[in-house]
Amino acid sequence: MTRKQFGTLIAVLLVMLALALAPGDASAGAAPDFRGVTLRVGLPSGYDEAVAFREAAIEAATRLGAKMEVLSFTVDQLHDKLLLDFQAKNPAWDIVFVTTTSAAEWMRLGLVTPISTFMKENSAIVDETVLAKDDLYRTEDFTFDGNWVGFPTYSTGVALFWRTDLFNDPTEKAAFQKKYGYALKPPETYAEFRDMAEFFTRKKGEPLMGKPLEADFYGTVHSNKPPSFLWYDFVNYLVAFGANDIYDPATKRPTMNSRAAIEAVKYYVELGKFQPPGQLNMSSGEAASLFAAGHVAMQVEYFQRMTAIVLNPTKSKVHDRTDFTVLPSQKGVAGRTHAAHAGGNAVALYSLSKNKTAAYKVLELSATRELQKKVLLEKFPNGGWVPPRMSLMRDPEMQSRYPWMKRALNDLLLRKDIYYFQLGQIPEYFASIDIVGAQIHKALAGQTSPEAAMAQAQTDLEALFKRAGYIK
Amino acid sequence: MTGGRSIRGEGAFWLLLLPMVAYLVIWRILPLLYTAWLSLADWNIGRGAPPRFIGIENYLRLLGDPRFHAAVKVSAIFMLVATAAEVVLGVALALLVNRPFRGQTIVQGILLVPMITSPVAVGTIWYILYNGKIGPLTYLVDRLGFGVQDWLGSTLTALPAIILADVWEWTPFVFLLALSGLQGIPETVVEAARIDGASAWKVWWYITLPLLRGVIVAAAILRAMDALKIFDTIFIMTGGGPGRSTESASLLVYRTAFTHFEFGYAAAMIMVVLALTTLLYWFYTRVPQEV
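Just so it is clear, the model here is predicted, and its values are computed rather than measured. (Residues numbered from 1 in each chain as written. Chains lettered and ligands numbered in written order. Predicted model: local features only at pLDDT ≥ 70, side-chain atom pairs only at ≥ 80, totals over all residues.)

(A) Highlighting the overall build of chain B. Counting its secondary structure elements, chain B contains 12 helices and 2 strands. In chain B, the order of α-helices and β-strands from amino to carboxyl end is α-β-β-α-α-α-α-α-α-α-α-α-α-α. Whereas a compact globule of 291 residues would reach a radius of gyration of roughly 19 Å, chain B reaches 24 Å, over 25% beyond that. Along the first, second and third principal axes, the C-alpha atoms of chain B reach 80 × 75 × 30 Å. For chain B, the proportion of its 291 residues judged to be buried stands at 34%. Sequence-distant contacts in chain B: of pairs separated by 6 or more residues, those separated by 24 or more amount to 71%. (Helix = DSSP H or I, 4+ residues; strand = E, 2+ residues; numbered from the N terminus. Rg over C-alpha atoms; globule rule 2.2 N^0.38 Å. Buried ≥ 20, exposed ≤ 12 C-beta atoms within 10 Å, placed from the backbone. Contact = placed C-beta atoms within 7 Å.)

Pasting the structure below:
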């Protein structure tokens, strides 16, 4: 190479370097520019709200010039991985998926940077009108010690689904009235729920709505695979019957041997008679699929899951014959009317992230009404995701597109007489449901009595809580 | 040429050995040492505190932990029953197939398919087979007049049902070993016995079985070591239920580590299970290698 050629090459390289380091287009104004930033998030597979967030986040990141890298795990693996990465001081993540049971734990561990803390420290980049926090679903469920941890990913909790054709059939109504002495209607108490579950449990060949059944039919179905599936179904009964969710929050003492807890377990075990074989090992998807196939009269389940399966015209034989309502109440239990788990998961900022500003702006933008509407219409045309924006639920276009939306808003979200609750917020919560879930499962399988099951659960829980230092 | 290796040859020897040594140290020995150390510590990662040395407290706790004892019992029963069934069936299949017939290679190939199926797939397949609403096995039993059985929902049938799935998956392994063992038996010995008037049973009992004994015992111990660690199939099919009637030691270790987050206690469990597996391996090394 001659000196002249070498000089030309250096000049070209310097020009390229100057262009690369030059500031962006001034006409872009104050719009954030995250070109070259790649954000990583781990999401649970099989969760519709995770799909919704992924789509919204990718779109948001693209608009901001960044890239999203999304990795999928099972929800248990994701929880463990995030915890292990955090303990190892691994800054691999930018956005983390938090469940209602892990949010407080992670905030106290320092795994997440609360959104409220970030907003306070970076107020210049926060767009309050875009954020519209008051329009989001139950942010109080993700607020601990005054710190708002993350953006909710979906709305609605647990509801009761029932077959309108069965409940409205004149033959069935007359037979029920004759047998039980009161009118057949969606149950308002758990005693009524039990009666109706019993009433509709029939063998192949027996009549249902005047026609012989081609297969066994069941009054209800629960996903009772231990420990998580079983627990998330059972906990609604536990709270409705007046018991604490594992422990007394005031004293941190386990209370699973309380009279209310034992009554709840007894009731839940009795419901086993009206459920299909295999319910002891069912996941919620399986249970909902049985309902969608037309084999079950009533089901207590998370509303969002049922929109994906039972109310979905492409997946359900009974989508046009199914309605929903609030959960029953337990007579004599004050303050727990229609007790239901409020559900909800969230996405938050990983405390060790090196791209918190970009991550926050992606979260803020992906939670906007406009992006959520886009994702809902494009990715969930037949349901499956209930967006956490209340204004979207009120949108007439959305209500017309999704027939269940208006009723869900009025009858589930805005109704004031529902006792919505969240799950326990101690690090030992998963261990606790593993312990109690196994004992309830034994009772369901007939291995032990509900009383003995809860006595053993209480003993094991006390040992766990002692090791954790909550009690002596 | 000199009698021993040259210095240059020795250097090359260690250089070639280095990758395997590095692999063993990094992926086997160091994790084992770390696990052993962790078994002497109290460490719950959910609480954020670092590991705290507590000596043998975890092992003392194991001694009095009925859940651990029950899990080891489940693993032991699973190991014994599954291994016995797989050995008997595997050897029987090998005897059946060890004669020339049309399509022999194809049959041998088909028999090996379960062995190359992933344990998760095996668990899922058998979960569906046993399903109360759509399972073919359940349907068949119902048609035979025994009613709809909840195989995985009953403490009487759940563990045998899982064992059956394992037997389906791993009998081909024993079959393969037994078949190669049979094919290693000199035909002249068998022929000589037949010429001397030995019946098929006597040939089997006095010639084939003694010559195959080493292979059978080796296959049994290899299968036993693997069966003791059973996890995937149980996790998929029952999650350890009903109650804890199918919770194996490996599943309990998983739950202790990743549900209870008690890494130290889980490490102690691992060390105990490792000791049991090592004992089995010790028996394996005592098996005569000749056929």
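(B) Spatial organisation of helix H10 (residues 228–240) of chain A. Compared with an ideal rise of 1.5 Å per residue, which puts 13 residues at 18 Å, H10(A) spans 19 Å between its outermost C-alpha atoms and is within 8% of the ideal. At Phe234(A), H10(A) shows its largest kink, close to 35 degrees. (Expected span 1.5 Å × (residues − 1). Bend = angle between axes of the 7 residues up to and from the residue.)

(C) The interface of chain B and chain A, seen in detail. Each partner contributes to the interface: chain B provides 24 residues, whereas chain A provides 24 residues. In terms of residue class, the side of chain B that touches chain A is built from 5 nonpolar, 14 polar and 5 charged. (Nonpolar A, V, L, I, M, F, W, Y, C, P; charged D, E, K, R; others polar.)

(D) Molecular detail of the sheet that holds strand S14 (residues 296–302) of chain A. Residue and element names in this part refer to chain A. Strand order in the open sheet formed by 4 strands is S11-S14-S8-S15, with mixed pairing between adjacent strands. At either end of the open sheet lies a strand with only one pairing partner, and these are strand S11 (218–220) and strand S15 (322–325). Pairwise comparison of adjacent strand axes, ignoring direction, gives a mean angle of 25 degrees for this sheet. Strands S11 and S14 of the sheet are contacted by helix H9 (residues 190–200), whose axis makes an angle of about 160 degrees with S11. (Pairing = 2+ DSSP bridges. Axes fitted to C-alpha atoms, helices over the stretch in contact; angles between N-to-C directions.)

(E) Here's a closer look at the domain arrangement of chain A. Residues and elements named next belong to chain A. Segmentation of chain A into domains returns domain 1 (36–155 + 343–421) and domain 2 (158–341 + 428–467). The centre of domain 1, based on its C-alpha atoms, is set 29 Å off from the matching centre of domain 2. The interface is formed by 19 residues belonging to domain 1 together with 23 residues belonging to domain 2. Sorting elements by how many residues they give to the side of domain 1 that touches domain 2 places helix H18 (residues 405–413) first, with 3 residues. A breakdown of the residues in the side of domain 1 that touches domain 2 according to their chemical character gives 10 nonpolar, 5 polar and 4 charged. (Domains from an automatic or database assignment.)

(F) Looking closely at the environment of Ala92(B). Within the fold, Ala92(B) resides in helix H3 (residues 66–97). Sequence spacing of Ala92(B) and Thr117(B) is 25 residues, and the spatial spacing of their C-alpha atoms is 22 Å.

(G) Seen up close, helix H14 (residues 356–366) of chain A. Within H14(A), 9 of the 11 residues are buried, which leaves the element mostly enclosed by the surrounding structure. Within H14(A), the full set of buried residues consists of Ala358(A), Ala359(A), Tyr360(A), Lys361(A), Val362(A), Leu363(A), Glu364(A), Leu365(A) and Ser366(A).

(H) Inspection of the pairing of strand S2 (residues 67–73) of chain A at higher detail. Residues and elements named next belong to chain A. Here 7 bridges tie strand S1 (residues 38–44) to S2, and the two strands are oriented parallel to one another. Bridging from a neighbouring strand, leucine 39 pairs with methionine 68 of S2. The parallel pair S1 and S2 is bridged by helix H2 (residues 48–63), and the resulting crossover is right-handed. (Right-handed = clockwise from strand over helix to strand, strands pointing away.)

(I) Examining unusual backbone geometry more closely. A cis amide bond, omega -10 degrees, links Pro226(A) with the succeeding residue Pro227(A). Topologically, Pro227(A) is positioned in the loop between S11 and H10. With omega at -5 degrees, the peptide bond leading from Gly241(B) into Pro242(B) counts as cis. You can see Pro242(B) is positioned in the loop between helix H10 (232–237) and helix H11 (249–258). Here Lys89(A), not a glycine, exhibits a phi torsion of approximately 60 degrees, which is positive. Of note, Lys89(A) is situated in the loop between helix H3 (75–87) and strand S3 (95–99). Of note, the phi angle at His338(A) is positive, near 50 degrees, even though the residue is not glycine. Relative to the assigned elements, His338(A) resides in the loop between S15 and strand S16 (340–341). The buried category is assigned to His338(A), around which 21 C-beta atoms lie within 10 Å.

(J) Structural context of the nonpolar core. Of all hydrophobic cores here, the largest spans 206 residues; its most connected members are Leu39(A), Ile95(A), Val112(A), Val149(A), Val362(A), Ala178(B) and Met269(B). Top element by residues in this core is helix H7 (residues 158–183) of chain B. It accounts for 13 residues. Two domains each donate at least three residues to this core, and these are domain 1 (36–155 + 343–421) and domain 2 (158–341 + 428–467) of chain A. With residues up to four places along the chain from it excluded, the contact list for Val149(A) reads Val98(A), Ala103(A), Met107(A), Val112(A), Pro114(A), Ile115(A), Phe142(A), Thr143(A), Phe144(A), Ala346(A) and Ala348(A). (Core = buried A, V, L, I, M, F, W, Y, C linked by C-beta atoms within 7 Å.)

(K) The packing of helix H9 (residues 200–227) of chain B against helix H12 (residues 263–285) of chain B, seen in detail. All names here are of chain B. Between H9 and H12, whose axes approach to 9 Å, the crossing angle comes to 170 degrees. Comparing the axis directions of H9 and H12 gives the class roughly antiparallel. Counting all contacts with H9, which are made through Ala218, Ile221, Leu222, Ala224 and Met225, the residues of H12 involved are Thr277, Leu280, Tyr281, Phe283 and Tyr284. Split by residue class, the contact of H9 with H12 holds 9 nonpolar, 1 polar and no charged. (Parallel < 35°, antiparallel > 145°, perpendicular 65-115°, else oblique.)

(L) Just the confidence of the model for chain B, in detail. Residues and elements named next belong to chain B. The predicted model of chain B averages 90 in pLDDT, with 96% of residues at 70 or higher. Here helix H8 (residues 187–195) stands out as the least confident element of chain B, with mean pLDDT 85; helix H2 (residues 57–63) is the most confident, with 96. Model confidence for the complex: the whole-complex pTM is 0.86, and ipTM, which rates the interface, is 0.80. (pLDDT = per-residue confidence, 0-100.)

(M) Seen up close, the environment of Asp127(A). Within the secondary structure layout, Asp127(A) lies in the loop between helix H5 (115–121) and helix H6 (128–131). Residues Asp127(A) and Gly110(A), 17 residues apart in the sequence, show an inter-C-alpha distance of 25 Å.

(N) Spotlight on the pairing of strand S8 (residues 158–163) of chain A. All names here are of chain A. The buried fraction of S8 is high, at 6 of 6 residues. Sheet analysis places S8 next to S14, joined by 5 bridges and oriented antiparallel. Looking at the pairing, tryptophan 162 lines up with methionine 298 of S14. Examined bridge by bridge, S8 and S15 share 4 bridges and lie antiparallel to one another. Pairing of phenylalanine 161 across the sheet is with phenylalanine 324, part of S15.

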